[in-house]
Amino acid sequence: HGLYAGGDPRFKLSPEVEEKRIGSKQYPLISGSGPVRGLTFVHAALSVEAMLTGNPYPLKALYCAGGNPMVNQQNVKRVGEALRKLDLLVVADFFMTPTAELADYVLPVTHWLERDETCDVMYLNTVAARQKAIEPLFECWDDMKIAIELVKRLPWADRRFLPWNDTDEFNDFRIRGTGLSFEAFKKQGYVTVPRKYKKHEQSGFKTPTGKVELYSTVFEKLGYDPLPSFTEPPQSPTSTPELLKDYPLILITGGRHLGYFHSEGRQIPSLRKLVPDPQILIHP
């Protein structure tokens with residue numbers, strides 16, 4: 001929920017604090033306090049750098065929910081060294097992942113089949129009541145329950161950001177605009193709102209000019225090229241021809257297989273059978 005992680009303008013930090021966010025100068029689009037109104041975050045590579053070197057200031061603790069940086073960040077040895085240097089590492093996950101194996105505390109979380117929540121998908125006009133098929137097993141907690149209970153115990157926490165006392169209150173809050181309680185919503189199953197077309201004719205586009213911007217005024221304001229441009233990779237036949245003889249291939253990562261989702265699913269035997277080993281595709 002980007003809304004509750006700082007995506008809502010009401011929850012924006014002061015400009016003085018936002019300027020201190022790691023990477024605010026190097027990556028103003030994702031980490032700065034500039035014209036972009038969305039969920040800001042710290043570039044993962046800069047986080048590792050801060051853990052290892054203390055620059056621009058130390059990162060001493062990490063709460064990792066549904067993430068596995070030991071597997072999906074570059075330079076595994078360096079990431080492992082950084083995570084081991086933390087004073088506190090807490091991981092909330094379904095499985096004992098490589099990242100969880102390094103953690104001081106591992107919190108088992110509920111699967112989506114074990115929790116009630118509101119479910120919506122971008123670009124669709126339907127909101128559904130996701131309903132748990134079974135009660136949570138053992139000591140598993142909903143991610144939101146973990147956050148709520150943690151905030152209750154932090155004396156300096158600002159309850160404006162998490163004012164609910166339990167997940168039932170939160171679920172009721174999520175659908176407050178429908179006039180339903182979450183229990184009533186579960187019986188109904190889903191709510192559909194009318195589709196709206198050509199909204200730009202009434203309210204324009206969500207750009208500073210209200211127009212389709214082929215020339216990005218946001219990029220221009222932040223010092224980037226406002227027009228689409230091509231930048232040669234730092235290592236390529238053109239940039240580094242001296243490396244071409246020994247390194248003639250260019251690696252492109254990010255390919256996916258339907259059986260897996262990001263770094264998930266490799267420890268499930270039935271899925272592992274689909275693609276038991278890592279694959280690389282090479283041009284003939």
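The structure displayed is predicted, hence computed values, not measured ones. (Residues numbered from 1 in each chain as written. Predicted model: local features only at pLDDT ≥ 70, side-chain atom pairs only at ≥ 80, totals over all residues. Heavy atoms only, no water.)

1. Focus on the overall build of the chain
Secondary structure assignment for the chain yields 11 helices and 6 strands. In terms of principal-axis extent, the alpha carbons of the chain reach across some 65 × 50 × 45 Å. When burial is assessed residue by residue, the chain has 26% of its 284 residues classed as buried. Of the contacts made within the chain by residues no fewer than 6 positions apart, 44% connect residues no fewer than 24 positions apart. On the chain, roughly 20800 Å² of surface is accessible, and the fraction owed to carbon and sulfur atoms is 59%. Of the side chains in the chain, 35 bear a positive and 34 a negative charge, and the two mean positions are spaced by 3 Å. (Helix = DSSP H or I, 4+ residues; strand = E, 2+ residues; numbered from the N terminus. Buried < 20%, exposed > 50% of the residue type's maximum accessible area, 1.4 Å probe, protein only. Contact = heavy atoms within 4.5 Å. Areas by Shrake-Rupley, 256 points an atom, 1.4 Å probe, with all protein chains shown as cover. Lys, Arg positive; Asp, Glu negative; His and termini not counted. Charge placed at Lys NZ, Arg CZ, Asp CG, Glu CD.)

2. A look at the packing of helix α3 (residues 44-53) against helix α5 (residues 76-85)
α5 packs onto α3 with a crossing angle of 55° between their chain directions and a minimal axis gap of 8 Å. By the angle class used here, α3 and α5 are oblique. For the pair α3 and α5, the crossing hand works out as left-handed. Of the residues in α5, those touching α3 at V48, E49, M51 and L52 are R78, V79, E81, A82, L83 and K85. Its residues assigned to classes, the contact of α3 with α5 comprises 6 nonpolar, no polar and 4 charged. (Axes fitted to C-alpha atoms, helices over the stretch in contact; angles between N-to-C directions. Parallel < 35°, antiparallel > 145°, perpendicular 65-115°, else oblique. Left-handed = near helix turned anticlockwise from the far one by under 90°. Nonpolar A, V, L, I, M, F, W, Y, C, P; charged D, E, K, R; others polar.)

3. Describing the sheet that holds strand β6 (residues 190-192)
The antiparallel open sheet is built from 3 strands, whose spatial order is β4-β5-β6. Of all strands in the sheet, those bounded by a partner on one side alone are β4 (117-120) and β6. Here the average twist between neighbouring strands, direction ignored, is 20°. Bridge analysis of strand β5 (residues 126-130) against β6 gives 3 bridges, and the strand direction is antiparallel. Note that in β6 the partner of T126 across the bridge is T192. (Pairing = 2+ DSSP bridges.)

4. Some words on α5
Three or four residues apart is the spacing at which side chains of an α-helix point the same way, because the helix has 3.6 residues per turn. Along α5, the positions that sit buried rather than exposed are V79, G80, A82 and L83. For α5, the angular spread of the buried residues around the axis is 160°, confining them to a single face. For α5, exposure combined with an orientation more than 90 degrees from the buried face picks out K77 and R84. Contacts from the buried residues of α5 go to α3, β1 (61-65), α4 (69-72) and β2 (88-93). (Arc of directions from axis to C-beta.)

5. Considering the nonpolar core
Ranked by internal contacts, the top residues of the largest apolar core, which has 13 residues, are L83, L89 and V91. If you list the elements that add at least two residues to this core, you get α3, α5 and β2. Filtering out sequence-adjacent residues up to four positions away, L89 remains in contact with L62, L83, T99, L102, A103, D104 and Y105. Counting 6 residues, the second largest nonpolar core, distinct from the first, contains I148, L162, W164 and F170. (Core = buried A, V, L, I, M, F, W, Y, C linked by side-chain atoms within 4.5 Å.)

6. Notes on unusual backbone geometry
The peptide bond linking N55 to P56 adopts the cis configuration, its omega dihedral lying at 0°. Here P56 lies in the loop between α3 and β1. Of note in this structure, F138 is not a glycine but carries a positive phi near 55°. Position of F138 relative to the elements: it lies in the loop between β5 and α6 (143-153).

7. Digging into a nonpolar patch on the surface
A cluster of nonpolar side chains, contributed by L249, L251, I280 and I282, occupies part of the molecular surface with about 490 Å² of accessible area. Mapped onto the secondary structure, I280 falls in the segment after α11 (269-272). (Patch = residues over 30% accessible without salt bridge, like charges linked within 9 Å, V, L, I, M, F, W, Y side chains within 5 Å. Salt bridge = Lys/Arg side-chain N within 4 Å of Asp/Glu carboxyl O.)

8. Considering the packing of aromatic side chains
This model, assessed by the stated rule, comprises 6 aromatic pairs. Taking the centre distance of 6.4 Å and the plane angle of 90° together, the rings of F94 and F95 count as edge-to-face. By relative accessible area, which is 39% here, F94 ends up partly exposed. Each ring, one from F219 and one from Y224, has its centre 5.7 Å from the other, and the planes form 50°; the classification is tilted. (Phe/Tyr/Trp six-rings, centres within 6.5 Å; stacked < 30°, edge-to-face > 60°.)

9. Overview of the side chain of T99
Its place among the elements puts T99 in the loop between β2 and β3 (105-108). Its relative accessible area of 0% is what places T99 among the buried residues. Within the structure, T99 has its side chain in polar contact with the side chain of N68 (distance 2.6 Å). Setting aside residues up to four positions removed in sequence, T99 forms contacts with N68, P69, M70, L83, L89 and V91. (Polar contact = N/O pair within 3.5 Å; in protein donor to acceptor, adjacent residues only side chain to side chain.)

10. Things to note about helix α7 (residues 167-174)
All of the buried residues along α7 are T167, F170 and N171. Along α7, the residues classed as buried sweep out an arc of 100° about the axis, all on the same side. Looking at the buried side of α7, the elements it contacts are β4, α6 and α8 (182-188). The backbone nitrogen of D168 lies 3.1 Å from a side-chain oxygen of the residue at the head of α7, namely D166.

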